[in-house]
Amino acid sequence: MDIEQLRKIASEVVARDDVKCLIGWKKGSYGYRIAPAFVEDTEETADLIFSPLCTANLATYLTLVEKLPVPRGQEPDTRKVALMVKGCDSRAVTQLIVEKGISREDVVVIGCPCPGVVDAKLLAEKYPETEEAAEVKWNGDGFLLIRGGEEIKIARDEVLAEKCRLCRYPNPVISDLMLGEPVKPWDVPEDSGVVEIEEKSIQERWSYWLEEFDKCIRCYSCRNVCPLCYCQDCILDRLNPTWINRAVNFSENTAYNISRAFHLAGRCIECGECERVCPANIPLGKLNRKLAREVREKYGFEPGIDPEGEPFQASYKPDDPEDFIL
Amino acid sequence: MSAMLLNKEKWPEFIGKLAGKNLWAPQAEGDAMHFAQVKEGETPGLDFGNTRVPPKKFIFPQTETMYRFQLGGTNIEEPVIDDEVVVLGIRPCDARANKIIEKLFKWDVDDPYFLARQEKVTLIGLTCTEPGLNCFCPSVGGGPASTDGLDILITDLGENYYLEALTNKGEKLLGEAGDLMVEDKGDGAKAKEKLVAAAEKKINRTVDTKGIPEGLPGLWEDPLWKRVSASCLGCGTCTYLCPTCHCFDIQDEIEGFDARRCRMWDSCMFEEYTLHTSGHNPRPTRRERTRNRINHKYNYYVDKFDVIACVGCGRCINLCPVNIDIVEILRQVKEAL
Ligand code: SF4
Ligand code: SF4
Ligand code: SF4
Ligand code: SF4
Ligand code: SF4
């Protein structure tokens, strides 16, 4: 990863009159943390990085903007947002365009071909975090951890994030500017990592999820971090009628998690963010990838690939044989 | 109050003495610890980092039924809170947090639910000999062996546990297991002191709170709030996992004709937190909400109750998905003063 090239591109982009800010990644406050960076002038581009620690999908910020009413006599700021995206993140941007959540002109996409990121929890388990903000680099087939003047080589499989092991689109599917050369996609298991659960009996599956959903504290971190959970009027926040009670118990937690998973069927682009942020460690990725797999295999549809494509949940075919219901 | 030594070999027997009680202790669940009820025959260990979710639920449950009623009926059925609970292995910061939020639940009206639960709970604390990466309890008036809010404090001395009774409740409970322990002649106390001093040295993160409570009002419109909140997702992680966060919402829940009024944890980081019926929101964006979170802990609470409503447990730092770090925010506050 050529950091100089990144900073050069970023400086040019933020200098543009039609760009409001650039959202990228920067070193975090300690250990393996990275923090989203909101860059408004060329000086700040010096903070930007792109490394195997840059897990966060920044596409979520495209729809997370809270707009204050514009004072009379002032014009709203309609300038573009520039966004750094990995392969998976670019699919979120594409899907947002398909759903008309944003328009293509609103965003400058800086594509970052991605050899796969690390699972920071896994990394911290094997190489405990320290107060110092450490650096991780791609290094041939693996990773290089740099901290305290020490360099540690780590094999790819040892700390690669699960979503990356299953990733079919490591190269950005749309971009206006590209950072470096495309990477060569790798072989991925066809089953999206869910066969283990599919093989369980219905009863076993139920008790598996019962145990998992029971842990949910309904912090809604998974919803808020998800680039495709952007309904202005989410059923969860509705009080009248109350679709899902605020009470935290197995029944309501299940209603919540299943509603969210279904709402994302054919929309989830498998960025793994929901699972990464869940403080209760619920394997949400398995749930979403199962639905993604069903949609892919039964309907031949994959979200977030073609900006001109149709939104899955809003498409209808008059000649649908209707031989099953998802 | 007494201080006793318990040989670790007797630990299972000690747990056995508590077994008849409703005993809760930290247990592993994946890569995280959480408080679970100790089943018969189980012997929880005390070798763990702090729990992911704080144990405030024993006094302030995430969902609390205030009363039940029938649609169309006039009878109100109040739940009885009479379960004795013994919590083993609570960390000093979390116990201190209970004392801090108690001030609010005793302010103007006595909150019957909170106080009834507090009455019924016995807290057996554990000295932190291996503080976490983001712990900063000494900066906010606590410490790895703070006894505030605890009934008993246990310190792991290697071969022995050193147990101090801190309240009558604690004394009584220790008394029940008295035959397993020997009285400490002073060696235990000395060994503990050494361990605590070593633990304090291991704490790297610090906040210099001087001037912050008084200075925060002057920073109301400071650009720092936009900067530190730009990446905030507005989720409930930092508040739900905070042992001192105590905001709640009250809602009615109806299933068929059965209804209950209950209160549940709320979060000032949620968009609808201060949303008015009119549609107006005095905290319309995450900038105002982040500003509120910090002000509530480091300004309003100090103003009203004379104590910072943060115990430095580090959970909000550990678990914020986007690295919003309260120590870093406070550093920037300090800088802007
Ligand atoms: S899922 Fe693919 S594009 Fe996304 S971080 Fe992993 S390897 Fe990169
Ligand atoms: S992030 Fe985890 S705990 Fe929070 S609401 Fe989602 S599933 Fe529940
Ligand atoms: S559901 Fe999870 S994996 Fe899918 S797009 Fe949303 S955050 Fe990413
Ligand atoms: S500070 Fe972090 S944990 Fe708290 S609401 Fe914002 S994103 Fe969530
Ligand atoms: S604000 Fe953060 S560090 Fe302070 S008590 Fe709450 S969770 Fe712990």
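Since we're looking at a predicted model, the values are computed, not measured.

1. Quick notes on the interface of chain B and chain A
(1) Moving on: Tallying the contact residues gives 45 residues for chain B and 40 residues for chain A.
(2) Moving on: The contact between chain B and chain A buries some 3,400 Å² in all, and 48% of this surface belongs to carbon and sulfur atoms.
(3) Moving on: Sorting the residues of chain B by area buried against chain A places Leu133, Leu233 and Asn323 of chain B first, and these three jointly supply 17% of that buried surface.
(4) Moving on: At the junction of chain B and chain A, the tally comes to 4 salt bridges.

2. Overview of the site of ligand 2
(1) Moving on: Inspection of the region around ligand 2 gives 14 residues, with Cys216, Cys219, Tyr220, Cys222 and Cys278 of chain A positioned closest.
(2) Moving on: Of all the secondary-structure elements, those providing two or more residues to the shell around ligand 2 are helix H8 (221–225) and helix H9 (250–263) of chain A.

3. Regarding the pattern of salt bridges
(1) Moving on: All chains considered together, the criterion is met by 42 salt bridges over all chains.
(2) Moving on: Note that Lys21 of chain B is salt-bridged to Glu176 of chain B, the shortest N-O span being 3.0 Å. Of this pair, Lys21 of chain B sits in the loop between helix H1 (11–18) and strand E2 (23–29) while Glu176 of chain B sits in helix H4 (residues 168–176), placing them 155 residues apart in sequence.
(3) Moving on: Take Glu176 of chain B: its relative accessible area is 38%, and that puts it in the partly exposed class.
(4) Moving on: Between Glu328 of chain B and Arg331 of chain B there is a salt bridge whose closest N-O contact spans 2.8 Å. You can see Glu328 of chain B and its partner Arg331 of chain B sitting in helix H11 (residues 326–336), 3 residues apart, about one turn around the helix.
(5) Moving on: Taken together, the shared-partner salt bridges connect Glu198, Lys290, Arg293, Glu294, Glu297 and Lys298 of chain A into one network.

4. Details of the side chain of Lys163 of chain A
(1) Moving on: Tracing the backbone shows Lys163 of chain A in helix H5 (residues 162–165).
(2) Moving on: Not counting chain neighbours up to four residues away, the residues in contact with Lys163 of chain A comprise Thr55, Lys86, Cys88, Val117, Glu270, Cys271 and Gly272 of chain A.

5. Considerations on the nonpolar core
(1) Moving on: Counting residues in hydrophobic clusters, the biggest one holds 97 residues, and the most contacted among them are Leu22, Trp25 and Val93 of chain A together with Tyr298 of chain B.
(2) Moving on: Within the second largest apolar cluster, 47 residues are counted, among which are Tyr220 and Ala265 of chain A together with Trp24 and Val196 of chain B.

6. Brief notes about the sheet that holds strand E8 (residues 152–156) of chain B
Residue and element names in this part refer to chain B.
(1) Moving on: Taken in spatial order, the 8 strands make up an open sheet running E3-E2-E6-E7-E8-E9-E1-E10, and their pairing is mixed. Lying at the two open borders of the sheet, with one neighbouring strand each, are strand E3 (32–37) and strand E10 (182–183).
(2) Moving on: Two strands pair when backbone bridges link them, and strand E7 (residues 121–126) and E8 are joined in this way by 3 bridges, in the parallel orientation. The residue of E8 that forms the bridge with Gly125 is Leu153.
(3) Moving on: Across the sheet, helix H2 (residues 92–105) touches strand E6 (85–90) and E7, and the angle it forms with E6 is around 135°.
(4) Moving on: Contacts from H4 reach strand E1 (3–7), E6, E7, E8 and strand E9 (160–165) within the one sheet, and its direction differs from that of E9 by about 135°.

Cut-offs and rules
Residues numbered from 1 in each chain as written. Chains lettered and ligands numbered in written order. Predicted model: local features only at pLDDT ≥ 70, side-chain atom pairs only at ≥ 80, totals over all residues. Heavy atoms only, no water. Contact = heavy atoms within 4.5 Å. Buried area = accessible area lost by both parts, 1.4 Å probe. Salt bridge = Lys/Arg side-chain N within 4 Å of Asp/Glu carboxyl O. Near = heavy atom within 4 Å. Helix = DSSP H or I, 4+ residues; strand = E, 2+ residues; numbered from the N terminus. Buried < 20%, exposed > 50% of the residue type's maximum accessible area, 1.4 Å probe, protein only. Core = buried A, V, L, I, M, F, W, Y, C linked by side-chain atoms within 4.5 Å. Pairing = 2+ DSSP bridges. Axes fitted to C-alpha atoms, helices over the stretch in contact; angles between N-to-C directions.

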